Amino acid sequence: MTSIAGGHGETNPNSSWLSARGFWLAYFLGLLFVHLLLLSVPFVTISVAWTATNLLHNVAHLYFLHIIKGAPWLSIENDGSRQWTHWEQIDDGVQLTPTRKFLTAVPIVLFLLTCLYTRNSTEHFIANFISLVVVTLPKLPQFHGVRLFNINKY
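Residues numbered from 1 in each chain as written. Predicted model: local features only at pLDDT ≥ 70, side-chain atom pairs only at ≥ 80, totals over all residues. Heavy atoms only, no water.

For the protein, the name recorded in an unreviewed UniProt entry is ORM1-like protein isoform X2, with Drosophila hydei as its organism. Taken from UniProt, the Sequence similarities (unreviewed entry) comment for the protein reads in full: "Belongs to the ORM family." (UniProt positions renumbered as here; feature names shortened; annotations may be inferred.)

Structure, rendered in structure tokens:
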């Protein structure tokens with residue numbers, strides 16, 4: 001007997017909710033809200049606000065998509081996806097889907113905007129570029145299922 005975890009008959013809703021209608025808009029609005037919140041803090045310059053937005057976004061992206069494994073609503077015994085990160089579960093592991101392209105493009109576009117608004121300041125550029133590389137590399141199809149230096153192996 002197969003247990004149904006999702007309300008729509010999906011065995012693993014973790015693999016498809018990012019493709020739901022309105023997710024991209026909600027994602028953008030959430031990112032905009034964080035950025036405006038940082039801009040509203042007194043004594044925070046525009047450059048610092050953009051860099052903080054970029055770094056916070058990339059840290060959250062890395063943690064929620066590339067570090068956490070399994071699905072929160074499936075039991076450990078029945079969870080065949082417990083060995084996969086959320087990124088590896090998106091669209092059932094199919095590469096280069098619109099959702100994956102969107103989630104790959106957002107950090108890149110945010111990095112470019114951050115470079116523009118920080119006027120390519122060396123300190124900001126280095127921090128933002130390192131975070132971009134760290135959050136973008138695991139998204140490449142060549143790294144699907146790969147655990148560098150056995151980090152996050154179990």
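Next comes the rest of the account.
Q: Can you tell me about unusual backbone geometry, naming the residues and giving the values?
A: Here the phi dihedral of Phe43 falls at roughly 70°; this positive angle occurs in a residue that is not glycine. One non-glycine residue, Arg119, lies in the positive phi region at around 55°. One can find Arg119 in the loop between helix H4 (98-117) and helix H5 (122-136). (Helix = DSSP H or I, 4+ residues; strand = E, 2+ residues; numbered from the N terminus.)

Q: I'd like a rundown of the UniProt feature "transmembrane region" (unreviewed entry) in the protein, residues and numbers included.
A: As annotated in UniProt, the feature "transmembrane region" (unreviewed entry) corresponds to residues 24-50 in the numbering used here. Helix makes up 78% of residues 24-50 and strand 0%, whereas the separation of the span's terminal C-alpha atoms amounts to 20 Å.

Q: Before we move on, could you go through the packing of helix H2 (residues 46-67) against H5 and cite the residues and values that matter?
A: Where H2 contacts H5, the axes come no closer than 10 Å and their chain directions differ by 15°. Comparing their axes, H5 and H2 come out roughly parallel. With respect to the hand of their crossing, H2 and H5 are arranged in left-handed fashion. Along its contact with H2, which presents Ser47, Val48, Thr51, Asn54, Leu55, Asn58, His61, Leu62 and His66, the element H5 presents His124, Ala127, Asn128, Ser131, Leu132, Val134 and Val135. Split by residue class, the contact of H2 with H5 holds seven nonpolar, nine polar and no charged. (Axes fitted to C-alpha atoms, helices over the stretch in contact; angles between N-to-C directions. Parallel < 35°, antiparallel > 145°, perpendicular 65-115°, else oblique. Left-handed = near helix turned anticlockwise from the far one by under 90°. Contact = heavy atoms within 4.5 Å. Nonpolar A, V, L, I, M, F, W, Y, C, P; charged D, E, K, R; others polar.)

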